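The residues making up each chain are set out below.
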Amino acid sequence: MPSDTARRRCAVVGLGARARMFTAALAGPYADRIDLVGFCDVNAHRMAVHNEWIGASVPAYPAEDFTSMLRRERVDLVVVCTVDRTHDHYIVEALEAGCDVVTEKPMTTDADRACRILDAQRRTGRQVRVAFNYRYNPVHAAVRETLAAGGIGEVGSVHFEWLLDLRHGADYFRRWHREKANSGGLMVHKATHHFDLVNWWLGTEPETVYAQGGLFFYGDEAGTRRGLARDYARAHGSPAAADDPFAVRMADSPLLSALYLDAEAEDGYHRDQNVFGPGVTIEDDMAVLVRYATGSTLTYHLTAYAPWEGYRIAFNGSEGRLELLVEESTWTRPRVRVQGGSAVLHGEAVGDTAGRTELMLRRFWEPPRELRVQTEEGGHGGGDVRMLEDLFGEPAADPLGRAADAVDGARSLVTGLAANRSFESGSPVRTRDLLGPSAAGWCRTRNRRPTSW
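For clarity, every value in this text was computed on a predicted model and none was experimentally measured. (Residues numbered from 1 in each chain as written. Predicted model: local features only at pLDDT ≥ 70, side-chain atom pairs only at ≥ 80, totals over all residues. Heavy atoms only, no water.)

## Considerations on the packing of aromatic side chains
All chains considered together, the criterion is met by 20 aromatic pairs. Aromatic pair Phe 66 and Tyr 90: ring centres 4.9 Å apart, planes at 85°, arrangement edge-to-face. Note that Phe 66 is positioned in helix α3 (residues 66–72) and Tyr 90 in helix α4 (residues 87–96), a separation of 24 residues in sequence. When the centroid spacing of 5.4 Å and the interplanar angle of 35° are considered together, the rings of Phe 216 and Tyr 305 count as tilted. Placement of the pair is Phe 216 in the loop between β8 (206–214) and α11 (220–225) and Tyr 305 in strand β10 (residues 297–306), with a sequence separation of 89 residues. Among the aromatic side chains, those forming a connected cluster through ring pairs are Tyr 134, Phe 160, Trp 162, Phe 195, Trp 201, Tyr 300, Tyr 311 and Phe 315. The side chain of Arg 20 reaches across the aromatic face of Trp 53, ending 4.1 Å from its centre. (Phe/Tyr/Trp six-rings, centres within 6.5 Å; stacked < 30°, edge-to-face > 60°. Helix = DSSP H or I, 4+ residues; strand = E, 2+ residues; numbered from the N terminus. Lys NZ or Arg CZ within 6 Å of the ring centre and 35° of its normal.)

## A few points about the sheet that holds strand β14 (residues 369–370)
Pairing is mixed across the open sheet formed by nine strands, whose spatial order is β14-β13-β12-β11-β7-β10-β9-β8-β15. The strands lining the two open edges of the sheet, one partner per strand, are β14 and β15 (429–430). By the bridge criterion, eight bridges tie strand β7 (residues 155–165) to β10 in an arrangement that is parallel. Note on β10: the bridge partner recorded for Trp 162 is Leu 302. Helix α6 (residues 138–148) rests against β7, β11 (309–317), β12 (320–329) and β13 (357–363) of the sheet, and its axis sits at about 175° to β12. (Pairing = 2+ DSSP bridges. Contact = heavy atoms within 4.5 Å. Axes fitted to C-alpha atoms, helices over the stretch in contact; angles between N-to-C directions.)

## Comments concerning the pattern of salt bridges
Summed over the entire model, instances satisfying the criterion amount to 37 salt bridges. Between Arg 126 and Asp 100 there is a salt bridge whose closest N-O contact spans 3.2 Å. Linking Arg 126 in the loop between α5 (111–124) and β6 (128–130) with Asp 100 in strand β5 (residues 100–103), this pair joins segments that are 26 residues apart in sequence. On the basis of relative accessible area, Asp 100 is assigned to the buried category, the value being 4%. Asp 119 is the salt-bridge partner of Arg 122, the closest N and O atoms lying 3.4 Å from each other. Of this pair, Arg 122 and Asp 119 both sit in helix α5, separated by three residues, roughly a single helical turn. The class for Arg 122 is partly exposed, based on a relative accessible area of 47%. (Salt bridge = Lys/Arg side-chain N within 4 Å of Asp/Glu carboxyl O. Buried < 20%, exposed > 50% of the residue type's maximum accessible area, 1.4 Å probe, protein only.)

## Things to note about the sheet that holds β5
Here we have six strands laid out as an open sheet, ordered β3-β2-β1-β4-β5-β6, and parallel in their pairing. With one partner strand each, in any of the chains shown, β3 (60–62) and β6 form the two edges of the open sheet. The mean angle between the axes of side-by-side strands here comes to 20°, regardless of whether they run parallel or antiparallel. With three bridges connecting them, β5 and β6 associate as parallel partners. The residue of β6 that forms the bridge with Thr 103 is Val 130. Each of β1 (8–13), β4 (77–80), β5 and β6 touches α4; the most contacted strand, β5, lies at about 160° to it.

Here's what the structure looks like:
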């Protein structure tokens, strides 16, 4: 156990469902290293729920008192789990107050906000870590190791398809994510994970992005045209939602009831909006073509209305091909009740429909060989547990460079932000033009492991 002088004083801002992973870790396995000294949120009820879950009485502050909390509680580490568009506000305020920061992905939602964060990080000398848990998934680590060892030679191209099923994909269209001003759309909120993986796997950065995307399946127009629409604004208390397989029933879920249904009186936020209702401004079907500084290319497709959940990735190299298939679920059950510790059932959480994970190395002139990777328990293929240990546990060697800093956070955003601009313009976008002169050199800054906390 570290000495008392080594202990850190941590606050969490944004106490929604995703924060539960952090509050449980800080109050549990890392309580011998870190004191959880503050919660901050726009909703007092949600903070009370987290305190009840961890059996504590962490001081709770309204959002407008964030900087006062940092000073009063002598905070030196802040975990940011708020709505995406507000990340930069809390990150910058924390840095300027002398705190280090762990932020949920995406680091922010546009280039100006990314500039603001990186400028503050440089100016203050404090650290920003981005919670890219997919870097810690053992099978993703095996991909990086194989590529770095020259398993397929020089990588020429990557094909990457990500599928969100009718349960998980639909959930982005019920929540605040459905408005691009809040989330940056799925190109930012969701695909930043995937673009970060490609940056990390290839050790390079994107230079040119061309993309097409639209709202094909969800939203009022498509729902009406296909006969999927139901006449309700939100599912709770609506007879019209009773037989809708796309509706989430918050009253059936202790977690959703506690964090959202019972908290509505304070802020009026509805977590169960109609996915075929008006007001959706994000895309659900997106295709992206990227050229990287190394000359490699990426073809990427994200579909948010698939019958199964998972992803396929293939790397074509000068000496062969590496293929990864992950079937988190093979099909989607309708009207599954959300139980347990997650706000939404990801494919991997539904055991009886889970599929397989297969990593195949196909070298020229050789028979294919499966690279077997030991699977682990826990969210995101065991990535959550490993990431938490890296963020809050004993400092350890990081030969794969998994620790992601603010530069990695900005680099991961560039592809999605450029894709959003390409959707609008119909033209390729140079990332240098998107970032502007104040961001020159970001993408070419080498990724160094942050100093241990």
